[in-house]
Amino acid sequence: MVEENGQHPPKQRHVFQRMVRFADIDSLGHVNNVRFLDYLEDARTAMFFIDAAERFKGLVIARHEVDYKRPLTFRTTPVTVESWVSEIRPVRFVLEYEVKDGDEVFVQARSVLVSYDVERGAPRRLTEDELAYLTRFHTERP
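In this report, the structure presented in the accompanying data block is examined. All values reported here derive from a predicted model rather than from experimental measurement. Think of each chain on its own: its residues are numbered from 1, step by step along the sequence as written. Since the coordinates come from a predicted model, pLDDT governs what is reported: local features require at least 70, and pairs of side-chain atoms require 80 or more to be given and counted, while whole-chain, interface and lining totals use all residues. Side-chain numbers here rest on the full set of heavy atoms in the structure, without hydrogens or water.

1. Description of the pairing of strand β1 (residues 14-18)
Convention followed: Between buried and exposed lies partly exposed: a residue is buried under 20% and exposed over 50% of the maximum accessible area for its type, with that area taken using a 1.4 Å probe on protein chains only. In DSSP terms, a helix is any run of H or I states spanning at least four residues, a strand is any run of E spanning at least two, and both are numbered starting from the N terminus. Here, strands pair whenever DSSP counts at least two bridges between them.
Burial of β1 is one-sided: the residues His 14, Phe 16 and Arg 18 facing one way are buried, the residues Val 15 and Gln 17 facing the other way are not. Bridge count for β1 against strand β3 (residues 79-88) is 5 bridges, and the pairing is antiparallel. When the sheet's bridge partners are listed, Phe 16 is paired in β3 with Val 81.

2. What about the nonpolar core?
For clarity, the threshold we go by: In plain words, nonpolar cores are sets of buried Ala, Val, Leu, Ile, Met, Phe, Trp, Tyr and Cys residues tied together by side-chain atoms within 4.5 Å.
Formed by 29 residues in total, the largest nonpolar core has its most connected members in Tyr 39, Phe 48, Leu 72, Phe 93 and Val 99. Every element with two or more residues in this core is listed here: α1 (36-50), β3, β4 (92-101), β5 (104-117) and α2 (128-136). At 7 residues, the largest contribution of residues to this core is made by α1.

3. Some thoughts on the packing of aromatic side chains
As a reminder of what qualifies: Put simply, two rings from Phe, Tyr or Trp (the six-membered ring, in Trp's case) pair if the centres are within 6.5 Å, and we call them stacked under 30 degrees between planes, edge-to-face over 60, tilted for the rest. A ring has a charge above it when a Lys NZ or an Arg CZ is no more than 6 Å from the ring centre and no more than 35 degrees off the ring normal.
Following the criterion strictly, the structure yields 8 aromatic pairs and no others. Aromatic side chains Phe 22 and Phe 74 sit 6.1 Å apart centroid to centroid with 80° between the ring planes, which places their arrangement in the edge-to-face category. You can see Phe 22 sitting in the loop between β1 and α1 and its partner Phe 74 sitting in the loop between β2 (59-68) and β3, a full 52 residues away along the chain. Looking at Phe 74, the relative accessible area reads 43%, which means it is partly exposed. An aromatic cluster is present here, built from Phe 48, Phe 56, Phe 93, Tyr 133 and Phe 137 joined pairwise through their rings. Just above the ring of Trp 84 sits the side chain of Arg 13; from NZ or CZ to the centre is 3.6 Å. The ring centre of Tyr 39 lies 4.0 Å from the NZ or CZ of Arg 18, which sits over that ring.

4. Thoughts on α2
Rule in force here: The arc in question is the one spanned by the directions pointing from the helix axis to the C-beta atoms. We call two residues in contact when some of their heavy atoms are within 4.5 Å.
Among all positions in α2, only Glu 130, Tyr 133 and Leu 134 are buried. One side of α2 carries all its buried residues, which in axial view fall inside an arc of 100°. Against β1, α1, β3 and β4 lie the buried residues of α2.

5. A few points about the side chain of Lys 100
Locating Lys 100 in the fold gives a position in strand β4. Residues within four places of Lys 100 in sequence aside, it is in contact with Arg 13, Val 79, Thr 80, Glu 82, Val 105 and Phe 106.

6. As for the pattern of salt bridges
Cut-off, in case you're wondering: Between Lys or Arg on one side and Asp or Glu on the other, a salt bridge is scored when a side-chain nitrogen of the former is within 4 Å of a carboxyl oxygen of the latter.
Considering all chains together, one arrives at 19 salt bridges under this definition. Between Glu 65 and Arg 63 there is a salt bridge, with its nearest N and O atoms 3.0 Å apart. Residue classification places Glu 65 among the partly exposed positions, given a relative accessible area of 30%. Since its relative accessible area comes to 47%, Arg 63 is described here as partly exposed. A salt bridge links Arg 110 to Glu 65; the nearest nitrogen and oxygen atoms lie 3.7 Å apart. Here Arg 110, found in strand β5, pairs with Glu 65, found in strand β2; they are 45 residues apart in sequence, far enough to count as distant. Its relative accessible area of 15% is what places Arg 110 among the buried residues.

Purely geometric numbers; function is a separate question.
Structure (structure tokens):
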């Protein structure tokens, strides 16, 4: 994608603020590992269905990978979930995430998402509009 001035637009990360809920905390006093999938889902929902409303018609998760870096305990300030695209294929793409506070990273994760035709019940090719949106967030894997 090239802008009118001939320059490529700057690559960016999608930024989502997520409150740590008391219900997220387990008996060890930190966010339960399974609850981090909720954090990722909330960030994905904002990125693809709120901030890009009407653009994505169907996405399914084919895979999740999560690396837990440090415990996240209850707090009254939100954590940041940053998301970006590291790979784009005709039918699928890879979404990377960091759950963090400043430079302190609690979780690094990645998901493989497949574009999906709900009516046909089958994968479909990403549309030009979807590809253009994904390209805004496309950076190589760090």
